[in-house]
Amino acid sequence: MTEVTEVLEIDGVRHRYGAVTALAGVDLTVRAGECVALLGPNGAGKTTLVGPTCSRCC
């Protein structure tokens, strides 16, 4: 059995812009070798999730 390596784990992320909730308890785990796409309509919070995540990785 091979060991699964998590390269990114996000757990319970929440973010608000004033009274507007952009993210409400988002969980995401990406394992080594996986290809992941975030899909959703405008205003769904994709950039709000990825922006801070990328700034911590680089």
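Calculation notes
- Residues numbered from 1 in each chain as written.
- Predicted model: local features only at pLDDT ≥ 70, side-chain atom pairs only at ≥ 80, totals over all residues.
- Heavy atoms only, no water.
- pLDDT = per-residue confidence, 0-100.
- Helix = DSSP H or I, 4+ residues; strand = E, 2+ residues; numbered from the N terminus.
- Buried < 20%, exposed > 50% of the residue type's maximum accessible area, 1.4 Å probe, protein only.
- UniProt positions renumbered as here; feature names shortened; annotations may be inferred.

Draft legend 1. Local environment of the confidence of the model for the protein chain. Per-residue confidence for the protein chain gives a mean pLDDT of 88; residues scoring 70 or more make up 91%. When the elements of the protein chain are averaged for pLDDT, helix H1 (residues 46-57) gives the smallest value, 80, and strand E2 (residues 20-31) the largest, 92.

Draft legend 2. Structural view of the side chain of Thr-48. In this structure, Thr-48 sits in helix H1. Judged by relative accessible area, Thr-48 falls into the buried class, the value being 17%.

Draft legend 3. A look at the UniProt feature "domain: ABC transporter" (unreviewed entry) in the protein chain. With numbering aligned to this structure, UniProt lists the feature "domain: ABC transporter" (unreviewed entry) at residues 24-50. A helix fraction of 19% and a strand fraction of 30% characterise residues 24-50, whose end C-alpha atoms lie 14 Å from each other.

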